[in-house]
Amino acid sequence: MPTFLRSVWDEPRPSDPPRRVWRDWVLVGVLAPIAVLEGVLRPDLPWPTLSVIVAVGLLPTLLWRRTRPLLMVMVCFAVTSLVPLLMGQPSSEMYTMAYQLILAYSLFRWGSGREAVTGLVVMLVSASLSTLSGHTAGADAVGAFTVLSTTVALGGAFRYRAGARTREIERAKLLEREQLARDLHDTVAHHVSAMAIRAQAGLATATSRPEAATEALHVIEAEAARALAEMHAMVRVLRRDQPMDLAPGRRIADIGQLAGRDRSGPSVSVEISGDLGDLPPSVEAAIYRLAQESVTNARRHARHATRVEVRVTADDTSVHLRVSDDGDGGPVRSTASPGYGLIGMIERAHLLGGTCAAGPNPDRGWTVTAVLPRTGAAA
C-alpha cells in the first residue's frame, strides 16, 4: 500500500493538456444566463442575488480547469463553503452550480497526483463543513458524496485510458523504428560489401590496368556517399537493445509477390511504373512494407471486398504508392482514431521524409497513399 500511495503522489501531469478552446467559452456563455434565469425563477433561494453572483462569478474557473485544475477547485469549493458560513444562511444549492463536478473531473483527469490528492482533501473538508454546520442534510451529503465519487472515478478512468492509448501508440512507433533500423542496417551492409569487392578488384588490377583501379575508386566513392547517407538516417532511429534481423531487405520488385487471390479474400493486382532505378534500399524497403501492410489490412478489414489495387509510380523527386480496395468501410475502418498499424506506417514514412495517409473513398472502399522522396532523406 505505501508503494501504491507513493506512485499516486508522484504521478505527473498528462503531457500537453488542452488550452482554452472555443467550447469552453460557449459553456461559460450558456451557463451564465441559465444561472441568472434560475435566480429569477426560483423563489426558494435564500439569497437569490448573492447566489447568482457566486454562480456567475465562479464560471471563469472552467476556462482554466485543465491548466490550473487544483487552483480552480480550491477557489470554487472555498467560496461555496465560506459564503453560507459568513452569511449564516443555508447553502444556495443552485442547480447551475453542478458545473463544480466538471472541475472535480478535470482535477483527476489533468492534474498531477499531488494536486489530485490535495484537491480531494479540499473537497472532503468543504463537504464536511457544510454537513457539520447543518447547512446540508445527512441524506443530501450522502448523495453529494456518491456523485462526487463517481465524477472522480470517471476522471481517473479517462486518464488511465488516455495514458494506455499513448503507451500503445509509442510502442507501435518504436516497433516500426526498430524494423526500419534493421532495413537500414541491411542497406549499409550492402554498400560496405560493394566497396570491399571493388577495392579488392582495384588492388588486383592496379598493376596491369591502372584505369580499372581508377574506375574502382570512383565506384567506392559513390558507394561510400550512399552508405554515409544511410548512416545519417540510421542515427535518427531510436531502438531498443535487441538482436538485429540480418535478413535481406525487401525491394519494390518484391511487391509483385503480393498479387494473387486468397481462398476467401479479394484479388490483389500490382502495377509498377516509372523510373525506379537508383533508389536507396531504404526507400525500396519502406515502399514494400507500406504496400504489404496496406494489403494485409485490406484483406482483414475490408468487408465484401473483391479486389485490391496496388500502384507504384515514380517521378524525378518522389515515389508514390496507392493501395485501394472496393470493400465496405464499416465502423472499424472509419473510426476517428487510427489503428496502430497505420501509426507505424505513418512513422516509417515520416522517418524517411515522406507522408502516408489513409481514409475512405467517396463511394466505397479504402485508400492508402504514401509519398517518399527518392533520396530517402530523414525528416
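Residues numbered from 1 in each chain as written. Predicted model: local features only at pLDDT ≥ 70, side-chain atom pairs only at ≥ 80, totals over all residues. Heavy atoms only, no water.

## Thoughts on the pairing of strand E6 (residues 366-373)
- Burial within E6 is extensive, with six of its eight residues counted as buried.
- Sheet topology places strand E4 (residues 318-325) next to E6; eight bridges connect them, and they run antiparallel. The residue bridging Asp-325 from the neighbouring strand is Trp-366, located in E6.
- Here strand E5 (residues 355-360) pairs with E6 via six bridges, running antiparallel. The partner of Ala-358 across the bridge, within E6, is Val-368.
- Taking the residues that link successive antiparallel strands as the turn, the E5-E6 hairpin has five residues, and the phi of Gly-365 there is positive, at about 95°. (Buried < 20%, exposed > 50% of the residue type's maximum accessible area, 1.4 Å probe, protein only. Helix = DSSP H or I, 4+ residues; strand = E, 2+ residues; numbered from the N terminus. Pairing = 2+ DSSP bridges.)

## A few points about the packing of aromatic side chains
- If you walk through the whole model with that rule in mind, you get one aromatic pair.
- For the ring pair Tyr-105 and Phe-158, a centre distance of 6.2 Å and an interplane angle of 75° mean the geometry is edge-to-face. Of this pair, Tyr-105 sits in helix H5 (residues 100-110) while Phe-158 sits in helix H7 (residues 138-205), and the two are 53 residues apart along the sequence.
- Accessibility expressed as a relative area gives 40% for Phe-158, which makes it partly exposed.
- A cation sits over an aromatic face here: Arg-42 above Tyr-95, 4.3 Å from the ring centre.
- Stacked on the ring of Trp-110, the Lys or Arg Arg-109 has its end atom at 3.9 Å from the ring centre. (Phe/Tyr/Trp six-rings, centres within 6.5 Å; stacked < 30°, edge-to-face > 60°. Lys NZ or Arg CZ within 6 Å of the ring centre and 35° of its normal.)

## Here's the deal with the pattern of salt bridges
- By the definition in use, this model includes seven salt bridges.
- Asp-24 is the salt-bridge partner of Arg-65, the closest N and O atoms lying 3.1 Å from each other. Residue Arg-65 is located in the loop between helix H3 (48-57) and helix H4 (69-87), and its partner Asp-24 is located in helix H2 (residues 22-41); the two are separated by 41 residues in the primary sequence. As far as burial versus exposure is concerned, Arg-65 and Asp-24 are alike and both buried. (Salt bridge = Lys/Arg side-chain N within 4 Å of Asp/Glu carboxyl O.)

## A look at the packing of H2 against H3
- At a minimum axis distance of 9 Å, the contact between H2 and H3 shows a crossing angle of 170°. As the angle between them shows, H2 and H3 are arranged roughly antiparallel. Facing H2, whose interface residues are Ala-32, Ala-35, Val-36 and Gly-39, H3 presents Pro-48, Val-52, Ala-55 and Val-56. (Axes fitted to C-alpha atoms, helices over the stretch in contact; angles between N-to-C directions. Parallel < 35°, antiparallel > 145°, perpendicular 65-115°, else oblique. Contact = heavy atoms within 4.5 Å.)

## With respect to the UniProt feature "transmembrane region" (unreviewed entry) in the protein chain
- Residues annotated by UniProt as "transmembrane region" (unreviewed entry) correspond here to residues 47-63, 70-88 and 141-160.
- Across residues 47-63 one finds 59% helix and 0% strand; the C-alpha atoms that close the span lie 26 Å apart. (UniProt positions renumbered as here; feature names shortened; annotations may be inferred.)

## Looking at a negative patch on the surface
- On the surface, Asp-275, Asp-278, Asp-315 and Asp-316 cluster together to form a negatively charged patch.
- Examined against the element boundaries, Asp-315 turns out to sit in the loop between strand E3 (307-314) and E4.
- For Asp-315, a relative accessible area of 33% gives the class partly exposed. (Patch = residues over 30% accessible without salt bridge, like charges linked within 9 Å, V, L, I, M, F, W, Y side chains within 5 Å. Areas by Shrake-Rupley, 256 points an atom, 1.4 Å probe, with all protein chains shown as cover. Lys, Arg positive; Asp, Glu negative; His and termini not counted. Charge placed at Lys NZ, Arg CZ, Asp CG, Glu CD.)

## Side note on H2
- Under the 1.5 Å per step criterion, the end-to-end length of H2 is 29 Å for 20 residues, consistent within 8% with the ideal 28 Å.
- Of the residues making up H2, those classed as buried are Asp-24, Val-28, Leu-31, Ala-35, Glu-38 and Gly-39. With its buried residues spanning 95° around the axis, H2 presents them on a single face. Exposed and facing more than 90 degrees away from the buried side of H2 are Trp-22, Trp-25, Leu-37, Val-40 and Leu-41.
- Residues of H2 that are buried in the fold lie against H3. (Expected span 1.5 Å × (residues − 1). Arc of directions from axis to C-beta.)

## Brief notes about the side chain of Thr-61
- Secondary-structure assignment places Thr-61 in the loop between H3 and H4.
- Among the residues examined, Thr-61 registers a relative accessible area of 5% and is labelled buried.
- Of note is the side chain of Thr-61, whose polar atom sits 2.5 Å from the backbone oxygen of Leu-58.
- The contact partners of Thr-61, leaving out residues within four places of it in the chain, are Met-72, Val-75 and Leu-103. (Polar contact = N/O pair within 3.5 Å; in protein donor to acceptor, adjacent residues only side chain to side chain.)

## Considering a nonpolar patch on the surface
- Nonpolar side chains collect at one region of the surface, where Trp-9, Val-117, Val-121 and Val-125 lie side by side and expose about 310 Å² of accessible area between them.
- Sort the elements by how many residues they give to the nonpolar patch and helix H6 (residues 113-132) lands first, with three residues.
- Here Trp-9 lies in helix H1 (residues 2-9).

## Here we look at unusual backbone geometry
- With a phi close to 60°, Asp-278 is a non-glycine residue in the positive phi region.
- By the secondary structure assignment, Asp-278 is in the loop between strand E2 (267-272) and helix H9 (281-301).
- Since its relative accessible area comes to 75%, Asp-278 is described here as exposed.

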